[in-house]
Amino acid sequence: LLAARTGKRVVMMADFEAAKDKVMMGAERRSMVMNEDEKKLTAYHEAGHALVMMHVAGHEPLHKVTIIPRGRALGLTMSLPERDRYSLSLKQIKAMIASFFGGRVAEEMVFGLDAVTTGASNDIQRATELARKLVTEYGFSDKLGPLRYNENQEEIFLGHSVTQTKNISEATASVIDSEVRRFVEEGETRAREILAKFRAELEIIAKGLLEHETLSKDDIDALIR
């Protein structure tokens, strides 16, 4: 009404929300058409991420989940920190690893192992990278202790760099791989436990996404009450 009277564009809270989503999640690609099977699988995949975020201890609060394609993703699940964050605890990192597996595990539980897609490849990559940092950079492996095993790369000046490589034995490399696998598998197991326990909520969130395409945390809370 104010815009009609003044002839000026009125900026509403929804405009700020849309701008924030565009920056954090990428631009919507509504022109991209998914068939019903792809849309259903994406809904369960994102619902799996959302459900693990909601129930795993230590994760940032869920903010929004969507099956509208954004950027290169068919769907996205986003969390928001409650306050400025400058470091992460082991509990928080383990929670993040578990949430990365929520989508893949949900696909497997609902559609079967043979129907699991490559859509979780980026989730697996991020989980593995985070687990490796736990072991080689952050000193959270009991077997390896508080030592840095990662390679250091430092830029000297524009166009030139020097790489300082820390040589490690085959035995140590084997332990590193074993510890990375342990953290990753623990995360996947935790995601599987949560999704099995809250399977009914997984169905509700997925069906809500298929109907509305985008759900906020408040929307999800209202659906599962």
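Structure's up top.
Our subject in this report is the structure included herewith.

Criteria and cut-off values
- The written sequence of each chain sets the order in which its residues are numbered from 1.
- Restriction of local features to residues with pLDDT of at least 70 applies here, the model being predicted, together with a cutoff of 80 or more for giving and counting side-chain atom pairs; totals for whole chains, interfaces and linings are based on all residues.
- The side-chain figures draw on all heavy atoms in the structure; neither hydrogens nor water molecules are used.
- Paired strands, as defined in this entry, are two strands with at least two bridges between them according to DSSP.
- Secondary structure elements are taken from DSSP: a helix is a run of H or I of four residues or more, a strand is a run of E of two residues or more, and numbering for both begins at the N terminus.
- Angles run from 0 to 180 degrees between N-to-C directions of axes, and those axes are lines fitted to C-alpha atoms, restricted for helices to the stretch in contact.
- Each reported salt bridge corresponds to a side-chain nitrogen of Lys or Arg within 4 Å of a carboxyl oxygen of Asp or Glu.
- Pairs of residues are marked as contacts when any of their non-hydrogen atoms sit within 4.5 Å.
- Exposure classes here rest on a 1.4 Å probe applied to the protein chains alone. A residue is buried below 20% of its type maximum, exposed above 50%, and partly exposed in between.
- Residue count minus one, scaled by 1.5 Å, sets the expected span of a helix.
- When we speak of the arc, we mean the arc of directions from the helix axis to the C-beta atoms.
- The labels follow the angle: roughly parallel below 35 degrees, roughly antiparallel above 145, roughly perpendicular from 65 to 115, and oblique for the rest.
- In this classification, Asp, Glu, Lys and Arg are treated as charged, Ala, Val, Leu, Ile, Met, Phe, Trp, Tyr, Cys and Pro as nonpolar, and every other residue, Gly included, as polar.

### Remarks on the sheet that holds strand E1 (residues 62-66)
The strand order across the open sheet formed by three strands is E2-E1-E5, and the pairing between neighbours is antiparallel. Either end of the sheet is taken by a strand with one partner, and the two such strands are strand E2 (76-79) and strand E5 (214-216). The sheet shows a mean angle of 10° between the axes of neighbouring strands, taken without regard to direction. Relative to E2, E1 runs antiparallel, the two sharing four bridges. Paired with Thr 66 across the two strands is Leu 76, which belongs to E2.

### Some remarks on the pattern of salt bridges
On inspection of all chains with the given rule, the structure shows 12 salt bridges. For Glu 193, the salt bridge identified is with Arg 190, shortest N-O distance 3.3 Å. Separated by three residues within a single helix, Glu 193 and Arg 190 lie in helix H7 (residues 170-197), roughly one turn from each other. In this structure, a network of salt bridges that share partners links the residues Lys 94, Glu 179, Arg 182 and Glu 186.

### Focus on the side chain of Glu 46
Positionally, Glu 46 belongs in helix H3 (residues 36-55). When near neighbours in sequence (up to four residues on either side) are disregarded, Glu 46 contacts Val 65, Thr 66, Ile 67, Gly 75, Leu 76, Thr 77 and Leu 209.

### What about the pairing of E1?
Across a regular strand the side chains alternate sides, sitting on one face of the sheet and then on the other. Of all the five residues making up E1, five are buried; the element is thus mostly covered by neighbouring parts of the structure. Note that E1 and E5 share three bridges and pair antiparallel. By the bridge assignment for E5, Thr 66 is matched with Thr 214.

### Overview of helix H8 (residues 199-212)
The terminal C-alpha atoms of H8 lie 20 Å apart, and with 14 residues this matches the ideal 20 Å at 1.5 Å per residue to within 8%. Those residues of H8 not exposed but buried are Glu 201, Leu 202, Ile 205, Ala 206, Gly 208 and Leu 209. Here the buried residues of H8 occupy an arc of 160° about the axis, which is enough to place them on one side. Those residues of H8 that are exposed and angled more than 90 degrees off the buried face are Ala 200, Lys 207 and Glu 211.

### Looking at unusual backbone geometry
With a phi close to 75°, Glu 213 is a non-glycine residue in the positive phi region. Residue position: Glu 213 is located in the loop between H8 and E5.

### Here's the deal with the packing of H3 against H7
Between H3 and H7, whose axes approach to 9 Å, the crossing angle comes to 95°. Overall, the two elements H3 and H7 adopt an arrangement that is roughly perpendicular. Residues Gly 48, Leu 51, Val 52 and His 55 of H3 touch H7, and the partners they reach there are Arg 190, Ala 191, Ile 194 and Leu 195. A class-by-class count of the residues in the contact of H3 with H7 yields five nonpolar, two polar and one charged.

By themselves, these are just geometric observations and shouldn't be taken as functional.
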